[in-house]
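Results of the structural survey
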Amino acid sequence: MIPDPAYAHVGDHAWLLDRGLFVAEGRLVVRRLVEGGRFRTRSVLVTPAAFAALEDVLDPARCEIHVCEQQAMNAMAGINFHRGCLALAERRPVEASPVVFSGARRLVALEGVGNPDNVGGIFRVAAAFEAGGVLLDRTSGDPLYRKAIRTSMGAVLRLPFAQPEAWDAELRGLRGRGFHLVALTPDPSATSLSAYAATLPVGQPLVLMLGGEGPGLTPDSQSFADVRVRIPIAADVDSLNVVVAAGIALAALR
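All values derive from a computational prediction rather than experimental measurement.

**Digging into the overall build of the protein**
A count of helical and extended segments in the protein gives eleven helices and eleven strands. Against the globule reference of 18 Å for 254 residues, the protein gives a C-alpha radius of gyration of 20 Å, in line with a compact fold. In terms of overall dimensions, the protein has C-alpha extents of about 60 × 40 × 30 Å along its principal axes. When contacts within the protein are restricted to residue pairs at least 6 apart in sequence, those whose partners lie at least 24 apart make up 76%. Carbon together with sulfur atoms contributes 53% to the accessible area of the protein, which is approximately 11800 Å² in total. Between the centroid of the 25 positive side chains of the protein and the centroid of its 26 negative side chains there is a distance of 4 Å.

Laid out in structure tokens, this is it:
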């Protein structure tokens, strides 16, 4: 018997999205989901060993807890998991970005970053370098996609994010609220990251804008930027992975 029918759809992102749900997997990620409290945990499906490791944060008064062997878990999900732990959680209601990012001084903005590994990786480095949130356009991947959450090491569950419909209006709104928009590009004519960082006023709110691998930021998005910056690299290398570039830039602008 399946304790929650939704576990039969943990591999179907569209099905979960339509019902306002997402999946967290693995002990570390589930622990951060429960401890963080930003998202309501609907239920947890765990092996006996995983339950023993998470018992200090799992409260049956707050969510359903189902303990079963790994083989039974795989049969319920229809996917071979090896982490011994799954959780179903509810998405938060959509909020306007000024509410989501209230008080933030550093943001990351992603345009066309569709790969869930890259989305999750950027959340991980954004959290590491104390960015206040991540803004994504509608062509970027869903941060609550199972693989993105896993790659982020649960940072997606702690760091505020928004994915608005009107990208251009969102960028204009950020500038209107005093943010400096910084477009990262491999273009050799752009200002070097170190030179820009050396002149950045202390306390200046800014948004680091990153584009997808290959095309990068669109010309329209770059036109909104206050400055275009580049990370100098070897002449025979065309570009960096977007997660690596994000980490370097955030460290320099911290």
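On we go from here.
**Notes on the sheet that holds strand β8 (residues 180–184)**
Spatial strand order, β7-β6-β5-β10-β8-β11-β9: seven strands in an open sheet with parallel pairing. Across the chains shown, the open sheet's two edge strands, defined by having one partner strand only, are β7 (161–162) and β9 (191–192). With two bridges joining them, β9 and strand β11 (residues 227–230) adopt parallel strand pairing. Note on β11: the bridge partner recorded for Ser 192 is Arg 230. Most of the contacts of helix α6 (residues 116–128) go to strand β6 (residues 133–136), to which it runs at about 150°, and overall it touches β5 (106–111), β6, β7 and β10 (206–211).

**Points about the sheet that holds strand β3 (residues 64–67)**
Within the open sheet, the four strands sit side by side as β1-β4-β2-β3. Their pairing is mixed. If you trace the sheet from one side to the other, it starts and ends with β1 (21–25) and β3, each paired once. For this sheet, the mean inter-axis angle between neighbouring strands, taken without regard to orientation, is 20°. Pairing geometry for strand β2 (residues 40–46) and β3, over four bridges, is parallel. Bridging across to β3, Ser 43 finds its partner in Glu 64.

**Regarding the state of the cysteines**
For the structure shown, the criterion picks out zero disulfides. Left without a disulfide partner, Cys 63 is nearest to the cysteine sulfur of Cys 85, which lies 10 Å away. Not engaged in a disulfide, the cysteine Cys 68 finds its nearest cysteine sulfur in Cys 85; these two sulfurs lie 10 Å apart. In this structure Cys 68 comes out as buried when scored by relative accessible area, which is 13%.

**As for the side chain of Glu 111**
Its location among the elements puts Glu 111 in strand β5. For the buried Glu 111, which has no salt bridge, the nearest side chain bearing the opposite charge is Arg 228, at an N-O separation of 11 Å. One polar contact links Glu 111 to Ser 221, side chain to side chain, over a distance of 2.7 Å. Those residues in contact with Glu 111, other than ones at most four positions away along the chain, are Asp 137, Thr 139, Ser 140, Trp 167, Leu 210, Gly 211, Gly 212, Leu 217, Thr 218 and Ser 221.

**Let's talk about the side chain of Ser 140**
Looking at where Ser 140 falls in the secondary structure, it is placed in the loop between β6 and α7 (146–151). Reaching out from Ser 140, the side chain makes a polar contact with the side chain of Asp 137 at a distance of 2.7 Å.

**Concerning α6**
An ideal rise of 1.5 Å per residue puts 18 Å on 13 residues; α6 measures up with 18 Å between its terminal C-alpha atoms. Those residues of α6 that sit buried are Asn 118, Val 119, Gly 120, Gly 121, Ile 122, Phe 123, Val 125 and Ala 126. If you follow the buried residues of α6, they end up packed against β5, β6, α7, β7, β10 and α11 (242–253). A distance of 2.7 Å separates the backbone nitrogen of Asp 117 from a side-chain oxygen at the start of α6, and that oxygen is part of Asn 115. Trailing α6 by a residue or two, Glu 130 shows a phi angle of about 65°, which is positive.

**Side note on the pattern of salt bridges**
Under the defined criterion, the tally for this structure stands at 13 salt bridges. Put simply, Asp 4 and Arg 42 hold a salt bridge, and the shortest N to O gap is 3.1 Å. A residue pair is termed long-range when its members are at least 10 positions apart, and Asp 4 in the segment before α1 (13–18) and Arg 42 in strand β2 qualify at 38 residues. For Asp 4, a relative accessible area of 8% corresponds to the buried category. Judged by its relative accessible area of 28%, Arg 42 falls in the partly exposed class. We note a salt bridge from Asp 56 to Arg 31, for which the minimum N-O separation is 2.8 Å.

Procedures and definitions
- Residues numbered from 1 in each chain as written.
- Predicted model: local features only at pLDDT ≥ 70, side-chain atom pairs only at ≥ 80, totals over all residues.
- Heavy atoms only, no water.
- Helix = DSSP H or I, 4+ residues; strand = E, 2+ residues; numbered from the N terminus.
- Rg over C-alpha atoms; globule rule 2.2 N^0.38 Å.
- Contact = heavy atoms within 4.5 Å.
- Areas by Shrake-Rupley, 256 points an atom, 1.4 Å probe, with all protein chains shown as cover.
- Lys, Arg positive; Asp, Glu negative; His and termini not counted.
- Charge placed at Lys NZ, Arg CZ, Asp CG, Glu CD.
- Pairing = 2+ DSSP bridges.
- Axes fitted to C-alpha atoms, helices over the stretch in contact; angles between N-to-C directions.
- Disulfide = S-S within 2.5 Å.
- Buried < 20%, exposed > 50% of the residue type's maximum accessible area, 1.4 Å probe, protein only.
- Salt bridge = Lys/Arg side-chain N within 4 Å of Asp/Glu carboxyl O.
- Polar contact = N/O pair within 3.5 Å; in protein donor to acceptor, adjacent residues only side chain to side chain.
- Expected span 1.5 Å × (residues − 1).

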